[in-house]
Amino acid sequence: MKVHIIGGGNLGVSIALGLSKFSPENQVTITRRNTSSILYLEKLGATVSTNNIHQIQEADVIILTIKPYQVDTVLAEILPVISNKIIASAVSGLSIENLQNKIGSSNSAVRIMPNIAAQFGASATCIAFHEKDKEKAEDIVSLFQSLGTAPIIDEKLMDAATVLAASGTAFALRYIRASMQAGIEIGFDWQTALAISAQTVKGAAQMLLEEKVHPEQLIDRVTTPQGCTIAGLNEMEMHGFSSSLIRGIKTSLKQIKG
Ligand SMILES: NC(=O)c1ccc[n+]([C@@H]2O[C@H](COP(=O)([O-])OP(=O)(O)OC[C@H]3O[C@@H](n4cnc5c(N)ncnc54)[C@H](OP(=O)(O)O)[C@@H]3O)[C@@H](O)[C@H]2O)c1
């Protein structure tokens, strides 16, 4: 497919990098107004441009990775030259209905919520679309399946997906940072503490994804009666470990809903 990414910032670049590595058969164009920091993507096979309509007519898919306040300007620029395109928007808070109204009935609106791990083929990209666009949306689903997992969700869960999958990256990183800080306190240099903490989280996540079991089942395998793990876990819970995470996620969701 020809993939046209508008908004070569954090997310747009991670998608372009992921596509160049995990599905290089796709041709990628990526735009932003100041391209100097992303010109290196050309070496990986992408076309980098400041012009949003450069080669847009040939695109099979247009991906919007711009901020919400940039949407109207960008659409005003591209709409006169496109029709019959799939527009996949990662813009937080922009509903399918709103986007569809803006792009008119000759184009299809799909909502996507990837995260920046797309760069490593490890995004959890939630995707929502209206029934009428089901067939076209399949292209988007398979594109994002090449960058990790791509569950199709009901659009009413899109804000929740934003918090769990996009903000969730920051939450997981904060856990790793805390674990690493503790690692330094108990004797490791920061690089070793980081390597151990990050790999341990990756291993735990991999076990869950492959075994498809509840986390408590795996926790049970690690906690010896009267052992150090259960003592640490109970101490963390007494200080609100799970409840603070749950409260944080619910606060993020409230913030999105405004
Ligand atoms: N970051 C994430 O993890 C993540 C995850 C899921 C969803 N999202 C959503 O994705 C969107 C982008 O987020 P982000 O973090 O990637 O933001 P970002 O880093 O600020 O990227 C936005 C990019 O859009 C470019 N841009 C602005 N106006 C433009 C225009 N008229 N034409 C072309 N490009 C233009 C900007 O570059 P110039 O100023 O050089 O043009 C900038 O690089 C947001 O709506 C966000 O909510 C982000």
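These remarks concern the structure in this document. (Residues numbered from 1 in each chain as written. Predicted model: local features only at pLDDT ≥ 70, side-chain atom pairs only at ≥ 80, totals over all residues. Heavy atoms only, no water.)

1. Thoughts on the sheet that holds strand S3 (residues 47–49)
Heads up, the rule is: Note: two strands are recorded as paired if DSSP finds a minimum of 2 bridges between them. Labels follow the DSSP assignment, with helices taken as runs of H or I lasting at least four residues and strands as runs of E lasting at least two, numbered in each case from the N terminus. To obtain each axis, a line is fitted to C-alpha atoms, and for helices this fit is confined to the stretch in contact; angles are then taken between N-to-C directions over 0 to 180 degrees. Contacts: residue pairs with any heavy atoms within 4.5 Å of one another.
Pairing in this open sheet of seven strands is mixed, and the strands run S3-S2-S1-S4-S5-S6-S8 from one edge to the other. Unpaired on one side and paired on the other, S3 and strand S8 (126–129) mark the two borders of the sheet. Strand after strand, the sheet turns through a mean of 20° between neighbouring axes, direction not considered. Two elements, strand S2 (residues 27–31) and S3, share three bridges in a ladder whose sense is parallel. What sits directly across from Ile-30, in S3, is Val-48. Contacts between helix H5 (residues 158–185) and the sheet are confined to strand S6 (108–113) and S8, with S6 contributing the most and set at about 40° to the helix.

2. Concerning the environment of Thr-229
Rules: Whether a residue is buried, partly exposed or exposed follows from its accessible area with a 1.4 Å probe, protein chains only, as a fraction of its type maximum: under 20%, in between, or over 50%, in that order. We call two N or O atoms a polar contact when they sit within 3.5 Å, provided that within protein one can donate a hydrogen and the other can accept it, with sequence-adjacent residues counted only if both atoms are side-chain atoms.
Note on placement: Thr-229 falls in helix H8 (residues 228–238). Look at Thr-229 and you get partly exposed, because its relative accessible area is 30%. Residues Thr-229 and Ile-219 lie ten residues apart in sequence; the distance between their C-alpha atoms is 9.1 Å. Apart from the residues lying within four places of it in its own chain, the contact partners of Thr-229 are Val-222 and Thr-223. A distance of 3.5 Å separates the side chain of Thr-229 from the backbone oxygen of Val-222, its partner in a polar contact.

3. A look at the side chain of Thr-125
One can find Thr-125 in the loop between strand S7 (123–124) and S8. Within the structure, the side chain of Thr-125 is placed 2.8 Å from the side chain of Ser-123, a separation counted as a polar contact. When sequence neighbours within four positions are dropped, the list of residues in contact with Thr-125 reads Ile-112, Met-113, Pro-114, Phe-144, Thr-149, Ala-150 and Pro-151.

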